[in-house]
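The residues making up each chain are set out below.
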Amino acid sequence: MSKFGITANIPHEIGHVAQEEFGIAAKNSDYWNYQPAWLREGGAEFFKVLSYSYDNKLSYKEIHDLYARNIDTGCLRVPLSQMTGQGSYSHACEYTKGYFAAEYLVWKMASIDSLFQMVRTPGTDTASVFKAAYGFDESAFEKDADAYFAQVISSRT
Amino acid sequence: MQPSHRPLRILLASLLVLTLASQMSTSSAVNKASGICPKAGKIVTIKSFKYICQKSGKKLIWVKKATPTPKATPTTTPEPTPTTTPEPTTLPQVLLIEDLLMPISAKLQAADFSALTDLAEIHIDPLLADSQWSKDSVASLTMALRLLKVLGVTPTNKLNIYISWGPDYRNQFTPDFCHSNSGGGSCGGGIIYADLLWFANNWGYDGVEKTIVAK
């Protein structure tokens, strides 16, 4: 985990650059006010994971499993619905659990681009922006993604 | 008058329809990879998992179907409730994402990345002159920038990336609001930092690089 943790730090920050640039391109520079913390950090983690996997010639499943093996199970007790603001959260779950929520979002939307859809969607509150971006309710998605995370933890090897 | 070929035409047309229907069924199953499916209610079985085509927002997508537990005894046992099949090692979502990534992989192979070096400048703390972590961090930037390009992003500002051992070096160059106690940050305007001492202190990593501070 150490090489992954250290060398993938800059790619995580580049993931935030992608978020920022998509927001700028959409003339939606206020996006950071509404994007849930789990999507902000989880999306950047997803970018980092992709970058690391391509750099090290790992399949997506291999990097997914590497990530899952090292995750703090304390995040099982921190629902995504608590990670919607701008702050930091218990066990840094907005990063780790956020990554799996982002993965679940990519699967559900069948598109990597979905990671940035909320950044591009204007609005004045998280729930309505999320609904406009994805077509389903944020709260329902977060419950489903919580369940997906539990499934990831229980199935890891 | 020529003899009628109508029955033969009907037979051929029917065979063609059946063949196409069969191919469409196969391609729908294959399409589970993209998540998009053709008709609500359609069910396919892939690797012993059943997927049902359901509406999600404005899209029709494949959703893994809960597998009912077989009924055990005929009379007094309560009706079992449907339950999700345990998945020992592989989550189908992960396999589907592998397929979603194929276009990105192809673009990473094909794109011209010669101009990427102009996008970023890296500044390294003198304390990290001999650091392998620092070298690995620098090496990680190339693929991250390639991925950025493949996603269609060109940074508005040139990226200035500070790799620091502790906050002193990075704080000289980053805005005040970015002087937080964290291992990394994107401060806007293309300013990024990574604080390797933070990682060594907070995540441990066997203390490998702690020897650097002793120099």
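Scroll up a little and you will see the structure.
To start, this report covers the structure provided alongside it.

### Focus on the overall build of chain B
- In terms of regular secondary structure, chain B is built from seven helices and seven strands.
- Residues classed as buried in chain B amount to 35% of the 215 residues present.
- Put simply, of all contacts in chain B between residues at least 6 apart along the chain, 52% involve residues at least 24 apart.

### Focus on the pattern of salt bridges
All names here are of chain A.
- As enumerated under the stated definition, the model contains eight salt bridges over all chains in all.
- Here aspartate 146 and lysine 97 are joined by a salt bridge, their closest N and O atoms 3.0 Å apart. Here the residue aspartate 146 occupies a position in helix α8 (residues 138-155), and lysine 97 occupies one in helix α6 (residues 93-109), the gap between them amounting to 49 residues. Accessibility classification places aspartate 146 together with lysine 97 in one group, the buried group.

### Let's talk about the sheet that holds strand β5 (residues 159-164) of chain B
- Read across the sheet, four strands follow the order β4-β5-β7-β6 (chain B) without closing on themselves; strand pairing throughout is mixed. With one partner strand each, in any of the chains shown, β4 (120-124) and β6 (184-186) of chain B form the two edges of the open sheet. The average angle at which neighbouring strand axes cross in this sheet is 15°, direction not considered.
- Bridge count between β6(B) and strand β7 (residues 191-195) of chain B: three bridges; the pairing is antiparallel. Bridge pairing in β7(B) places B:Gly185 opposite B:Tyr193.
- On the sheet, helix α2 (residues 9-25) of chain A packs against β5, β6 and β7 of chain B and is oriented at approximately 155° with respect to β7(B).
- Across the sheet, helix α4 (residues 132-150) of chain B is in contact with β4 and β5 of chain B; its angle to β4(B) comes to roughly 170°.

### Notes on the packing of helix α4 (residues 37-55) of chain A against α6(A)
Residues and elements named next belong to chain A.
- Put simply, α4 and α6 touch, their axes get as near as 7 Å, and they point 80° apart. When the interaxial angle is binned, α4 and α6 end up roughly perpendicular. Of the residues in α6, those in contact with Ala37, Trp38, Leu39, Glu41, Gly42, Gly43, Glu45, Phe46 and Val49 of α4 are Glu94, Tyr95, Gly98, Tyr99, Ala101, Ala102, Glu103, Leu105 and Val106.

### Some points on the packing of aromatic side chains
- For the structure shown, the criterion picks out 20 aromatic pairs over all chains.
- Measuring from ring centre to ring centre gives 5.9 Å for A:Phe100 and A:Phe149, while their planes differ by 55°; the resulting arrangement is tilted. Remark: A:Phe149 occurs in helix α8 and A:Phe100 occurs in helix α6; sequence separation between them is 49 residues. Across the pair, A:Phe149 and A:Phe100 agree in class, each one buried.
- Their ring planes at 65° and their centres at 5.1 Å tell us that B:Tyr169 and B:Phe173 sit as a pair that is edge-to-face.
- Residue classification places B:Phe173 among the partly exposed residues on the basis of a relative accessible area of 34%.
- Joined through ring pairs, the aromatic side chains of A:Trp38, A:Tyr104, A:Trp107, A:Phe130, A:Tyr134, A:Phe136, A:Phe141 and A:Tyr148 make up one cluster.
- Over the ring of A:Phe136 we find A:Lys108; its NZ or CZ atom is 4.8 Å from the centre of that ring.

### Some thoughts on α4(A)
- Compared with the 27 Å implied by 1.5 Å per residue over 19 residues, the 27 Å span of α4(A) between its first and last C-alpha is a close match.
- Among the 19 residues of α4(A), 18 are classified as buried, and the element is accordingly described as predominantly covered.

### As for the interface of chain B and chain A
- At the junction of the two partners, chain B supplies 58 residues and chain A supplies 45 residues.
- Approximately 4,300 Å² of surface area, both sides summed, lies buried where chain B meets chain A, with 71% of it carried by carbon and sulfur atoms.
- Viewed at the interface, chain A and chain B are joined by eight residue pairs in polar contact (both at pLDDT 80 or more).
- Secondary-structure elements contributing two or more residues to the side of chain B that touches chain A are β3 (59-64), α2 (92-100), α3 (102-110), α4, β5, β6, β7 and α6 (196-202) of chain B.
- When residues of the side of chain B that touches chain A are assigned to their parent elements, the largest contribution, eleven residues, is made by α4(B).

### A few points about the nonpolar core
- Grouped together as the largest cluster of nonpolar side chains are 89 residues, with contacts concentrated most on A:Ile14, A:Phe46, A:Tyr60, A:Phe100, A:Tyr134 and B:Ile161.
- A total of ten residues in this core trace back to one element, the largest contributor, which is α6(A).
- Beyond its immediate chain neighbours, meaning those up to four positions away, A:Phe46 contacts A:Tyr60, A:Tyr99, A:Ala102, A:Glu103, A:Val106, A:Ile112, A:Leu115 and B:Ile97.
- By size, the runner-up hydrophobic cluster in this structure holds five residues, among which are B:Tyr169, B:Cys178, B:Cys187 and B:Tyr193.

### Details of α6(A)
- With 17 residues, α6(A) extends 22 Å between its outermost C-alpha atoms, agreeing within 8% with the 24 Å of an ideal straight helix rising 1.5 Å per residue.
- In terms of burial, α6(A) is largely enclosed, as 16 of its 17 residues are buried.

Scoring rules and cut-offs
- Residues numbered from 1 in each chain as written.
- Chains lettered and ligands numbered in written order.
- Predicted model: local features only at pLDDT ≥ 70, side-chain atom pairs only at ≥ 80, totals over all residues.
- Heavy atoms only, no water.
- Helix = DSSP H or I, 4+ residues; strand = E, 2+ residues; numbered from the N terminus.
- Buried < 20%, exposed > 50% of the residue type's maximum accessible area, 1.4 Å probe, protein only.
- Contact = heavy atoms within 4.5 Å.
- Salt bridge = Lys/Arg side-chain N within 4 Å of Asp/Glu carboxyl O.
- Pairing = 2+ DSSP bridges.
- Axes fitted to C-alpha atoms, helices over the stretch in contact; angles between N-to-C directions.
- Parallel < 35°, antiparallel > 145°, perpendicular 65-115°, else oblique.
- Phe/Tyr/Trp six-rings, centres within 6.5 Å; stacked < 30°, edge-to-face > 60°.
- Lys NZ or Arg CZ within 6 Å of the ring centre and 35° of its normal.
- Expected span 1.5 Å × (residues − 1).
- Buried area = accessible area lost by both parts, 1.4 Å probe.
- Polar contact = N/O pair within 3.5 Å; in protein donor to acceptor, adjacent residues only side chain to side chain.
- Core = buried A, V, L, I, M, F, W, Y, C linked by side-chain atoms within 4.5 Å.

Worth remembering: the numbers are spatial, not functional.
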